[in-house]
Number of protein chains: 2
Amino acid sequence: MKEVETGIDITLEVVCGKWKGLILWKLLHEEAVRFNELRRSIDGDISSRILSRELHKLIEDGLIERIDYETMPPKVEYQITPYGQTTASFLEIMKKSEMADIINEEEVEQKV
Amino acid sequence: MKEVETGIDITLEVVCGKWKGLILWKLLHEEAVRFNELRRSIDGDISSRILSRELHKLIEDGLIERIDYETMPPKVEYQITPYGQTTASFLEIMKKSEMADIINEEEVEQKV
DNA sequence: CGGCATCCCGTCCGATACTG
DNA sequence: CAGTATCGGACGGGATGCCG
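The rules behind each value
Residues numbered from 1 in each chain as written. Chains lettered and ligands numbered in written order. Predicted model: local features only at pLDDT ≥ 70, side-chain atom pairs only at ≥ 80, totals over all residues. Heavy atoms only, no water. Salt bridge = Lys/Arg side-chain N within 4 Å of Asp/Glu carboxyl O. Buried < 20%, exposed > 50% of the residue type's maximum accessible area, 1.4 Å probe, protein only. Helix = DSSP H or I, 4+ residues; strand = E, 2+ residues; numbered from the N terminus. Near = heavy atom within 4 Å. Polar contact = N/O pair within 3.5 Å; in protein donor to acceptor, adjacent residues only side chain to side chain. Nonpolar A, V, L, I, M, F, W, Y, C, P; charged D, E, K, R; others polar. Axes fitted to C-alpha atoms, helices over the stretch in contact; angles between N-to-C directions. Parallel < 35°, antiparallel > 145°, perpendicular 65-115°, else oblique. Contact = heavy atoms within 4.5 Å. Phe/Tyr/Trp six-rings, centres within 6.5 Å; stacked < 30°, edge-to-face > 60°. Lys NZ or Arg CZ within 6 Å of the ring centre and 35° of its normal. Pairing = 2+ DSSP bridges.

A. Here's a closer look at the pattern of salt bridges. Using the criterion set out here, one finds 8 salt bridges over all chains in the structure. Measuring nitrogen to oxygen at the nearest pair gives 2.8 Å for the salt bridge that ties A:Arg66 to A:Asp68. You can call A:Arg66 partly exposed: its relative accessible area is 41%. Notably, a salt bridge pairs B:Glu54 with B:Lys57, separated by 3.0 Å at the nearest N-O pair. Pair noted here: B:Glu54 and B:Lys57 are both in helix H4 (residues 48-60), with a separation of 3 residues, about one helical turn. By relative accessible area, B:Glu54 is classed as buried at 6%.

B. Quick peek at the protein's contact with DNA strand C. DNA strand C sits among 21 residues. The nearest are A:Ser52, A:Arg66, A:Tyr78, B:Lys18 and B:Arg49. Among atoms of DNA strand C positioned within 4 Å of the protein, sugar and phosphate together represent 67%. In the environment of DNA strand C, a phosphate oxygen lies 2.5 Å from a nitrogen or oxygen atom belonging to the side chain of A:Tyr78. Secondary-structure elements contributing two or more residues to the surface near DNA strand C are helix H3 (35-42), helix H4 (48-60) and strand S3 (76-80) of chain A together with H4 of chain B. Examining the composition of the surface near DNA strand C, we find that 5 residues originate from one element, H4(B), more than from any other. When the residues that make up the surface near DNA strand C are grouped by side-chain class, the tally is 7 nonpolar, 5 polar and 9 charged.

C. Region of interest: the packing of helix H5 (residues 88-96) of chain A against helix H5 (residues 88-96) of chain B. At their nearest, the axes of H5(A) and H5(B) sit 9 Å apart, and the two run at 170 degrees to each other. Compared by their axis directions, H5(A) and H5(B) come out roughly antiparallel. From H5(A), A:Ser89, A:Phe90, A:Ile93 and A:Met94 reach across to H5(B), where they touch B:Ser89, B:Phe90, B:Ile93 and B:Met94. Split into classes, the residues belonging to the contact of H5(A) with H5(B) amount to 6 nonpolar, 2 polar and no charged.

D. Looking closely at the protein's contact with DNA strand D. Taken together, 22 residues form the shell around DNA strand D, and within it A:Lys18, B:Arg34, B:Ser52, B:Arg66 and B:Tyr78 come nearest. Here the atoms of DNA strand D within 4 Å of the protein split so that 65% fall in sugar or phosphate, with bases taking the remainder. Between a base oxygen of DNA strand D and a side-chain N or O atom of A:Arg49, the distance comes to 2.7 Å. Within the backbone of B:Asn36, one N or O atom sits 3.1 Å away from a phosphate oxygen of DNA strand D. Residue assignment for the surface near DNA strand D shows that the elements contributing at least two residues are H4 of chain A together with helix H3 (35-42), H4 and strand S3 (76-80) of chain B.

E. Examining the side chain of A:Thr86 more closely. Examined against the element boundaries, A:Thr86 turns out to sit in the loop between S3 and H5. Look at A:Thr86 and you get buried, because its relative accessible area is 17%.

F. Main features of the packing of aromatic side chains. For the coordinates displayed, the defined rule picks out 0 aromatic pairs over all chains. Here the basic side chain of A:Lys75 rests over the ring of A:Tyr69, its NZ or CZ set 4.7 Å away from the ring centre.

G. Molecular detail of the sheet that holds S3(B). Residue and element names in this part refer to chain B. One open sheet accounts for 3 strands, arranged S1-S3-S2; its pairing is antiparallel. For this open sheet the edge positions go to strand S1 (32-34) and strand S2 (64-68), each flanked by a neighbour on one side alone. The mean angle between the axes of side-by-side strands here comes to 30 degrees, regardless of whether they run parallel or antiparallel. As judged from the 3 bridges shared by S1 and S3, these two strands associate in the antiparallel manner.

H. Highlighting the sheet that holds strand S1 (residues 32-34) of chain A. Residues and elements named next belong to chain A. Ordered in space as S1-S3-S2, the 3 strands form an open sheet in which the pairing is antiparallel. Since the sheet does not close on itself, it has two edges, and those belong to S1 and strand S2 (64-68), each with one partner. Adjacent strand axes in the sheet meet at a mean angle of 30 degrees when their direction is disregarded. Helix-sheet contacts for helix H2 (residues 20-28) involve S1, S2 and S3, and the interaxial angle to S3 is about 90 degrees. In the packing of H4 onto the sheet, contacts are made with S2 and S3, and the angle to S2 comes to roughly 115 degrees.

Here it is, written out as structure tokens:
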């Protein structure tokens, strides 16, 4: 594939974007979550269209699983896969990272 | 800001994209690197235009630093900042993650 | 409830060419 | 050597509305 295959690029590719990290974070801590429950829990600002698309991508990459109860009204749950759990380690660190706080100050440690 | 501020989203925002992880990885392990040296080391497939832009973004976010020797011909070096080093922890994990290998097999552990 | 259809915009990524 | 200029395509993200 690439000459300098670090693994970073691939991992980043899978998790990247504005929402996937947050979705995974929720599913990593909640067992099984329904669509709208997930939608609201994330921050209420993700549209169903976007959430739907991101979920599909995560499913395609094997990080999460879709469970359709085929009832009426519909009930669908999403769940992290064992594979998806491998993201827990670095998402955890990202969360703990002081990066967030620093960025929020909009003025990063400058040595100018 | 957001209701569910996990820190993940912010961190992801800063590191996201096709190249920034790789750039950081190189700079985390190399002290100071010159533009074309960096360009070649990454995999030779990043155009100077893209590399330039990604570097600018990383500088803006305070992750790396630009050192211009103001010589002729030009010599410029890029260096990770202490702040940028906070990415080392999860980039390290991403690299180690089996995710890369699994994805490469194109067929992820399916329980269908 | 759990989506998909449409349309739209801004950003990402890239090829090519050129410059001080 | 270290970039910038220009152009273009693909993708991400979102608003709105509709459907079984």
